[in-house]
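Chain and residue survey
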Amino acid sequence: MAKIKLEYIWLDGYEPTQNLRSKTKVEEHDNFQGTLEELGKWSFDGSSTRQAEGGSSDCSLVPVAIYPDPDRKDGYLVMCEVMNADGTPHPSNGRATIDDEDDDFWFGFEQEYFIMDTKTQLPLGFPVGGYPAPQGMYYCSVGGKNTHGRNLVEEHADLCIAAGINFEGINQEVACGQWEFQLFAKGAKKAGDEIWVARYLLDRLTEKYGYYIEYHPKPLGKDMDWNGSGMHANFSNSVLRTCGDQATYERICEAFRPVVEEHIAVYGAYNDQRLTGKHETASINDFSYGISDRGCSIRIPLITVQKGWKGWLEDRRPASNGDPYKIAARIIKTVKSAL
């Protein structure tokens, strides 16, 4: 029998932002096919991750998605949900709150982030004790003057593709040392799984570069004249993809207006520092939507209109450190309330 390495990955119970945790199980398997059905549950010490008390510390890991590990021989990445000892979802388990059992909702997330140097504690390209040139020349740039971290970003893309994640693109973002990758999945739970596994691969990759990833939406401070980091959520369901009706789109957008606080509550910590009404954001205190308007809370893509109101919507408010499970769950709840 061959030995395989199963990297069980889960989210801890830290607040306001959860962290990725993982540990390796080595098992002997005869002709392992890489399927969920072949995997067993596992447990961990929840008292070390703020998910249990020391007197009753075992939490259960239930595999929900598996991907080949492109950086390990005979390795697999196993995304897990955290369950209580009685089999019920742990309060930290955002995936369990998603109401999309038939995968009618499709999500495309645009994950922005800063690459930080562990020695300087600054984004790549930032000189110690000063600032680089103002933003403007970094977005989609090429060349060593304005582009920083491409080797890491390219390697991450290759790892995600090799793992079978539906990875759709990369680009340097508006601020120096800031990048973005995009993923798309049919099914809200799958979309969340793939963002978290892609984040895991990115975080693990930084270990050999002397970098770390900063997901804080405004790591340079709220008063700095630099774009923050978001995780724009592009979403659709069968109604949005096929209705062909402007009024239906507007009704769905309006359903978001009375539940702004509920959305902001799960769109990532410190998002008030990013959603200021500047730097291509709407104010956290307002709600708006518009066609091709990147200053709105929700953007109606021009291509959706050009196709006769058949397509998707983009919620531009989620922060880069948001949990895609919780974001998707809240969007689905609001959309369904309008139908």
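None of these values were measured; they are calculated from a predicted model.

1. A word on the UniProt feature "domain: GS catalytic" (unreviewed entry) in the protein chain
Under the local residue numbering, the UniProt record ascribes the feature "domain: GS catalytic" (unreviewed entry) to residues 89-339. Secondary structure content for residues 89-339 is 29% helix and 18% strand, and the end C-alpha separation is 28 Å.

2. Digging into the layout of surface pockets
Computed from the structure, the largest pocket encloses a volume of approximately 370 Å³. Every residue lining the largest pocket is counted, 21 residues in all, and those nearest its centre are Glu112, Glu173, His232, Glu280 and Arg316. When residues of the lining of the largest pocket are traced back to their parent elements, those giving at least two are strand 6 (106-117) and strand 8 (178-186). Looking at which element gives the most residues to the lining of the largest pocket, the answer is strand 8, with 3 residues. Tallied by class, the residues present in the lining of the largest pocket amount to 2 nonpolar, 9 polar and 10 charged.

3. Focus on the UniProt feature "domain: GS beta-grasp" (unreviewed entry) in the protein chain
Here the UniProt feature "domain: GS beta-grasp" (unreviewed entry) sits at residues 4-87. Helix makes up 0% of residues 4-87 and strand 50%, whereas the separation of the span's terminal C-alpha atoms amounts to 27 Å.

4. Topic: the nonpolar core
Burial of nonpolar side chains together is a common tendency in soluble globular proteins. If you look at the biggest cluster of nonpolar residues, it comprises 64 residues, and the most contacted ones within it are Met79, Phe107, Tyr113, Ile165, Leu313 and Ile331. Top contributing element to this core by residue count: helix 2 (residues 188-206), with 10 residues. When sequence neighbours within four positions are dropped, the list of residues in contact with Leu313 reads Ala233, Asn234, Phe235, Leu240, Tyr249, Ile252, Cys253, Ile298, Arg299, Ile300 and Pro301. Core analysis: the second largest hydrophobic core is formed by 14 residues, Leu6, Cys59, Val78 and Cys80 among them.

5. Notes on empty space enclosed by the protein
In the structure shown here, the tally under the stated rule is 2 cavities of 30 Å³ or more. As a volume, the largest cavity reaches approximately 80 Å³. Every residue lining the largest cavity is listed: Leu11, Gln18, Met79, Cys80, Glu81, Val82, Ser92, Asn93, Gly94, Arg95 and Tyr325. Of all the elements, strand 5 (residues 75-83) adds the most residues to the lining of the largest cavity, at 4 residues. Forming the boundary of the second largest cavity are Phe114, Pro217, Lys218, Pro219, Leu220, Gly221, Met224, Trp226, Asn227 and Gly228. The residue inventory of the lining of the second largest cavity, partitioned by class, reads 6 nonpolar, 3 polar and 1 charged.

6. Some words on the state of the cysteines
Cysteine pairs can be linked by a disulfide, which is a covalent bond between their two sulfur atoms. Evaluation of the coordinates by the stated rule reveals 0 disulfides. In this structure Cys59 is not part of a disulfide, and its nearest cysteine sulfur, from Cys80, lies 13 Å away. Overall, the relative accessible area of 3% leaves Cys59 in the buried class. The thiol sulfur of Cys140 is not disulfide-bonded, and the nearest other cysteine sulfur, from Cys176, lies at 15 Å. Judged by relative accessible area, which is 46%, Cys140 ranks as partly exposed.

7. Here we look at the sheet that holds strand 1 (residues 2-11)
Across the sheet, which stays open at both edges, the 5 strands sit in the order 2-1-5-4-3 with mixed pairing between neighbours. Two strands close off the open sheet at either side, each with one partner strand: strand 2 (20-29) and strand 3 (42-45). The sheet shows a mean angle of 40 degrees between the axes of neighbouring strands, direction not considered. Relative to strand 5, strand 4 (residues 58-68) runs antiparallel, the two sharing 8 bridges. Note that in strand 5 the partner of Pro68 across the bridge is Tyr76. Across the sheet, helix 2 lies against strand 1, strand 2, strand 4 and strand 5, angled at about 125 degrees from strand 5, the strand it touches most.

8. A closer look at the side chain of Asp193
When you line up the elements, Asp193 lands in helix 2. Residue contacts for Asp193: discarding those within four places in its chain leaves Val64, Ala65, Tyr67, Met79, Arg95 and Tyr325.

9. What to know about the packing of aromatic side chains
Scanning the entire structure with this criterion turns up 15 aromatic pairs. An angle of 75 degrees between the planes, with centres 6.4 Å apart, marks the rings of Phe126 and Tyr131 as edge-to-face. Looking at Tyr131, the relative accessible area reads 57%, which means it is exposed. Through a chain of ring-to-ring contacts, the aromatic side chains of Phe107, Phe109, Phe235 and Phe256 assemble into a single cluster. Here the guanidinium or amino end of Lys23 rests over the ring plane of Trp42, the centre of that ring lying 4.1 Å away. Above the ring of Tyr215, the side-chain terminus of Arg199 is found at 5.2 Å from the ring centroid.

10. Here we look at the packing of helix 2 against helix 7 (residues 324-337)
With their axes 8 Å apart at the nearest point, helix 2 and helix 7 run at an angle of 155 degrees to one another. By the angle class used here, helix 2 and helix 7 are roughly antiparallel. Seen along the crossing, helix 2 lies across helix 7 with a hand that is right-handed. On helix 7, the residues touching Ala188, Lys189, Gly192, Asp193, Ile195, Trp196 and Arg199 of helix 2 are Pro324, Tyr325, Ala328 and Ile332. Across the contact of helix 2 with helix 7, the residue classes tally to 7 nonpolar, 1 polar and 3 charged.

11. Focus on helix 7
An ideal rise of 1.5 Å per residue puts 20 Å on 14 residues; helix 7 measures up with 20 Å between its terminal C-alpha atoms. Counted residue by residue, helix 7 has 10 buried out of 14 residues, so it is predominantly covered. For helix 7, every residue scored as buried is listed here: Pro324, Tyr325, Ile327, Ala328, Ala329, Arg330, Ile331, Ile332, Thr334 and Val335. Where helix 7 begins, the side chain of Asp323 points an oxygen toward the backbone nitrogen of Tyr325, at a separation of 2.9 Å.

Definitions and cut-offs
Residues numbered from 1 in each chain as written. Predicted model: local features only at pLDDT ≥ 70, side-chain atom pairs only at ≥ 80, totals over all residues. Heavy atoms only, no water. UniProt positions renumbered as here; feature names shortened; annotations may be inferred. Helix = DSSP H or I, 4+ residues; strand = E, 2+ residues; numbered from the N terminus. 1 Å grid on protein atoms, 1.4 Å probe; cavity = no way out; pocket = protein on both sides within 12 Å on 5 of 7 lines; lining within 4 Å. Points joined across faces, edges and corners; volume = space filled by probe spheres on them. Nonpolar A, V, L, I, M, F, W, Y, C, P; charged D, E, K, R; others polar. Core = buried A, V, L, I, M, F, W, Y, C linked by side-chain atoms within 4.5 Å. Buried < 20%, exposed > 50% of the residue type's maximum accessible area, 1.4 Å probe, protein only. Contact = heavy atoms within 4.5 Å. Disulfide = S-S within 2.5 Å. Pairing = 2+ DSSP bridges. Axes fitted to C-alpha atoms, helices over the stretch in contact; angles between N-to-C directions. Phe/Tyr/Trp six-rings, centres within 6.5 Å; stacked < 30°, edge-to-face > 60°. Lys NZ or Arg CZ within 6 Å of the ring centre and 35° of its normal. Parallel < 35°, antiparallel > 145°, perpendicular 65-115°, else oblique. Left-handed = near helix turned anticlockwise from the far one by under 90°. Expected span 1.5 Å × (residues − 1). Polar contact = N/O pair within 3.5 Å; in protein donor to acceptor, adjacent residues only side chain to side chain.

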